[in-house]
Amino acid sequence: MSALPISINPNPFTPKSTPTPKPYSPTISIPQNPNRIRSEYRSSPTWTTVDYTYKIDPIYVVPNSPFVPMTSNMGAVDTNEKYSKKVCLFYCPETKALADGIAAQSDSIELRNINWRTFEDGFPNLFIENAHGIRGQHVAFLASFSSPGVIFEQLSAIYALPKLFVSSFTLVLPFFPTGTFERMEAEGDIATAFTLARILSSIPTSRGGPTSLVVFDIHALQERFYFGDSILPCFESGIPLLTKRLQQLPDSDNISIAFPDDGAWKRFHKMLQHFPMVREGDQRIVRIKEGDPSGRHVVIVDDLKVLAAHGSSKISAYVTHGIFPNRSWERFKHDNLGTPGDGFAYFWMTDSCPSTVKDVKDKRPFEVLSLAGLIAAALQI
């Protein structure tokens, strides 16, 4: 049944002078017709009649409704709650230790399981446990593309999770493995960084929209433009972990930062600008370009023995991703006798590459700085 039209009948009488308005005091009268409400205002001779059908809910008028001003704390988010978004975190077998560390950061992050099995021919036979239980949830997957042999099985899970009616999907790939192959130097070169970016750009969208991708210290920031519009890359850095660790050292007031090339200086010097800096290198000819390392504890990102020749008291190194093919990490020795030319005081790396973390565990000079806290924070974005 359609609603009857509304009729407004103004009083044609116009007073010669405007009377003093009386306080607002509406009255409601209900005539014999149950489908009509008449509202009259004593401060004005104008009256209004509203007609409606009986199936529509009645209109309630509350006279003298008090005004409640909006305060600054109404609807405000409690900033003391660091982690508010509930996240279901899946992981591959290789990243289980890191996933445990991430979940330990907050009760808002809950670990979920995938059965990683294979058929007799070696192809993956995967099963997502309690798939119905993640509907409407924020879901993330912690990946490790440590070798080409594990990428396919992880992509199978990554492509499946967003299609399970989840609210949002985030892929955490701490190390983007093909990042150093981002350009062509001769006709016929294949930029595999672009290939992997295209594969990740094809991840299905979830109910919340495109997939978010979290990567730490990708080789070149311009690789952001290799990804399509269906994925949102979020580039984070492990440098804050290094900064915090350096401030904990007993000789923190005697530390200088050395960069192996102009690219590293341009990329990271603003994050470490409160430390004195020593710039290193023109291509493969290693020499001091700026700064004085004499008597300083110098932290670098490469094996630059030239610093010892210039009188550095200690030499340490940092890399976000500990990639050491053919166990090449064994070549990095510890400075036992305080002679920086013979080894490193510290060699810091993050746990972005789990296999390397297992190899160097409890072996000096290596020290692992965990990305767990940074990843937990990134999942709240």
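Residues numbered from 1 in each chain as written. Predicted model: local features only at pLDDT ≥ 70, side-chain atom pairs only at ≥ 80, totals over all residues. Heavy atoms only, no water.

Chemist: A description of the sheet that holds strand β5 (residues 87–91) should follow, citing residues and the corresponding values.
Modeler: The six strands lie next to each other as β6-β5-β9-β10-β11-β12, forming an open sheet whose pairing is parallel. Every interior strand has two partners, whereas the edge strands, β6 (109–111) and β12 (231–236), have only one. The average undirected angle you get between the axes of adjacent strands in this sheet is 25°. Here five bridges tie strand β9 (residues 138–142) to strand β10 (residues 168–172), and the two strands are oriented parallel to one another. Following the sheet pairing, Ala140 is matched in β10 by Thr170. The strands touched by helix α1 (residues 96–103) within the sheet are β5, β6 and β9, with β6 carrying the most contacts at an inclination of about 145°. (Pairing = 2+ DSSP bridges. Helix = DSSP H or I, 4+ residues; strand = E, 2+ residues; numbered from the N terminus. Axes fitted to C-alpha atoms, helices over the stretch in contact; angles between N-to-C directions. Contact = heavy atoms within 4.5 Å.)

Chemist: Tell me about unusual backbone geometry, residues and numbers included.
Modeler: With an omega dihedral of 15°, the bond running from Arg364 to Pro365 counts as a cis peptide bond. If you trace the backbone, Pro365 turns up in the loop between α7 (354–360) and β19 (366–369). Despite not being glycine, Phe165 has its phi angle at roughly 60°, a positive value. Within the secondary structure, Phe165 sits in the loop between α2 (148–160) and β10. Of note in the backbone geometry, Asp362 takes a positive phi value of approximately 60° without being a glycine. Mapping Asp362 onto the fold places it in the loop between α7 and β19. Classification of Asp362 as exposed rests on a relative accessible area of 74%. (Buried < 20%, exposed > 50% of the residue type's maximum accessible area, 1.4 Å probe, protein only.)

Chemist: So what's going on with the environment of His334? Which residues, and what values?
Modeler: Here His334 lies in the loop between β17 (314–319) and β18 (347–350). Between the C-alpha atom of His334 and that of Phe347, which follows or precedes it by 13 residues, the distance is 8.7 Å. Leaving out residues up to four positions away in the same chain, His334 has contacts with Gly343, Phe344, Ala345, Arg364 and Pro365.

Chemist: Quick rundown of the packing of aromatic side chains? Include the residues and the values.
Modeler: Overall, the coordinates contain 13 aromatic pairs when judged by the stated rule. Seen in terms of ring centroids, Trp329 and Phe366 are 6.2 Å apart; in terms of plane orientation they differ by 80°. Their pairing is edge-to-face. Of this pair, Trp329 sits in the loop between β17 and β18 while Phe366 sits in strand β19, and the two are 37 residues apart along the sequence. Taken as a pair, Trp329 and Phe366 share a single burial class, namely buried. Here the aromatic rings of Tyr346 and Trp348 are separated by 5.0 Å at their centres, their planes lie at 10°, and the arrangement is stacked. By relative accessible area, Tyr346 is classed as partly exposed at 23%. With a relative accessible area of 0%, Trp348 lands in the buried category. The structure contains a cluster of three or more aromatic residues connected by ring pairs, namely Phe324, Trp329, Phe332, Phe344, Phe347 and Phe366. One residue, Arg245, lies across the ring of Tyr346, its end atom 5.7 Å from the ring centre. (Phe/Tyr/Trp six-rings, centres within 6.5 Å; stacked < 30°, edge-to-face > 60°. Lys NZ or Arg CZ within 6 Å of the ring centre and 35° of its normal.)

Chemist: Let's hear about the pairing of β5: which residues, and what values?
Modeler: The side chains of a regular strand alternate, first on one face of the sheet and then on the other. In terms of burial, β5 is a largely internal element, five of the five residues being buried. With three bridges connecting them, β5 and β6 associate as parallel partners. Following the sheet pairing, Cys88 is matched in β6 by Glu110. Here five bridges tie β5 to β9, and the two strands are oriented parallel to one another. Bridge pairing in β9 places Phe90 opposite Phe141.

Honestly, it's all geometry; don't read function into it.
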